[in-house]
Amino acid sequence: MKEQILSQLSTECPWRDTLYWYDTIDSTNTKAKALAKDGAPHGTVLIAGSQTGGRGRLGRSFSSPAGMGVYLSVILRPNCPPEDLMHLTCAAAVAMCDAVERTAGIHPRIKWTNDLVFEKKKLGGILTELCPDPNTALVDYGIIGIGINCCQTKLDFPSDIQNIAASLSMVSGKTIRPSCLAAAMIEALVDMDRTLFTEKEHIMDRYRKDCITLGQDILLVRGEDSLYGTAVDLDAEGGLIVRFADGSVKTVTSGEVSVRGMYGYI
Ligand code: BTN
């Protein structure tokens, strides 16, 4: 599999020599953290055929069956304060829209902040984790973990997500080779890495265009609290600007946001 991915990566790709393949692993993000702590360099890419403990945001699991999707993490060492990387998940989402379009010929949209969706079904997600260096207050390393469903049929998903998840082959009607998608994802992440700081505004404009959450009635769930509101815009860092039912306007940077009609408003 690693050879197939390499054969589809450009020979110029700067991350070719730091690509690791695992037939099965608990979580590529967890392994990436361990490698980063041991000094793995910027651009180390981990890809797994399956994950036994794939993790999503808010402590959720990410279904990662063998041969059905791409489960990939990359280690970044940008040497900047964490505040400069608030848009990292947005940038990765825009990059993944490009990779999916190139591979499957469909243009996914983004459910704020980290879900790739197509016609109200989740195709995949992004889990970004930053670790600051306590001595310098700069980022020691950042991990971008991405899972994209490629080949599942509806019944291949766990029953509790069968109505809200889809794979690229389901929505495009094409046979999708995980190795092709993995190579496109790596190339798109390399481009993202090159422009992350120099083209932030352009990246955020693209995110805004593809974000299905904007203009929608939303339900914000934070711990025990649920608040209804309308998503009116994104700030420059990717925070969601929400007008709540009591008329107050606040920027939301964490918590679960559900869009009415999307996944049934859960
Ligand atoms: C989400 O849906 O909230 C994010 C899902 C992220 C899943 C990917 S799969 C590769 C990497 N390893 C993990 O354990 N999680 C991410």
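Everything below is about the structure printed above this text.
First, a word on scope: everything that follows refers to the structure included in this document. (Residues numbered from 1 in each chain as written. Predicted model: local features only at pLDDT ≥ 70, side-chain atom pairs only at ≥ 80, totals over all residues. Heavy atoms only, no water.)

### Let's talk about the pairing of strand β1 (residues 19-25)
Argument step 1. Pairing geometry for β1 and strand β2 (residues 44-51), over six bridges, is parallel. For threonine 24, the partnering residue across the bridge sits in β2 and is serine 50.
Argument step 2. Between the parallel pair β1 and β2, the chain is carried across by helix α2 (residues 28-37), and the sense of this crossover is right-handed. (Pairing = 2+ DSSP bridges. Helix = DSSP H or I, 4+ residues; strand = E, 2+ residues; numbered from the N terminus. Right-handed = clockwise from strand over helix to strand, strands pointing away.)

### Re the side chain of threonine 89
Argument step 1. Along the polypeptide, threonine 89 turns up in helix α3 (residues 88-104).
Argument step 2. Residue contacts for threonine 89: discarding those within four places in its chain leaves Thr113, Asn114, Ile126 and Thr128. (Contact = heavy atoms within 4.5 Å.)

### Quick word on the site of the ligand
Argument step 1. Surveying the vicinity of the ligand reveals 20 residues, the closest of which are Ser27, Gln51, Arg55, Arg57 and Lys122.
Argument step 2. Arginine 55 places a polar main-chain atom, nitrogen or oxygen, 2.7 Å from an oxygen atom of the ligand.
Argument step 3. For the ligand, whose unbound accessible area comes to 420 Å², protein coverage reaches 97%.
Argument step 4. Here the shell around the ligand takes four residues from strand β6 (residues 121-132), the largest share from any one element.
Argument step 5. Among the residues forming the shell around the ligand, the class breakdown is six nonpolar, 11 polar and three charged. (Near = heavy atom within 4 Å. Polar contact = N/O pair within 3.5 Å; in protein donor to acceptor, adjacent residues only side chain to side chain. Areas by Shrake-Rupley, 256 points an atom, 1.4 Å probe, with all protein chains shown as cover. Nonpolar A, V, L, I, M, F, W, Y, C, P; charged D, E, K, R; others polar.)

### Description of the packing of α3 against helix α5 (residues 178-195)
Argument step 1. Between α3 and α5, the shortest axis-to-axis distance is 8 Å and the interhelical angle comes to 140 degrees. Viewed along their axes, α3 and α5 adopt a mutual orientation that is oblique. Seen from above, α3 lies across α5 with right-handed handedness. Residues Leu88, Ala91, Ala92, Ala95, Met96, Ala99, Val100, Arg102 and Thr103 of α3 form the contact with α5, whose participating residues are Cys180, Leu181, Ala184, Met185, Glu187, Ala188, Leu189 and Met192.
Argument step 2. Among the residues forming the contact of α3 with α5, the class breakdown is 14 nonpolar, one polar and two charged. (Axes fitted to C-alpha atoms, helices over the stretch in contact; angles between N-to-C directions. Parallel < 35°, antiparallel > 145°, perpendicular 65-115°, else oblique. Left-handed = near helix turned anticlockwise from the far one by under 90°.)

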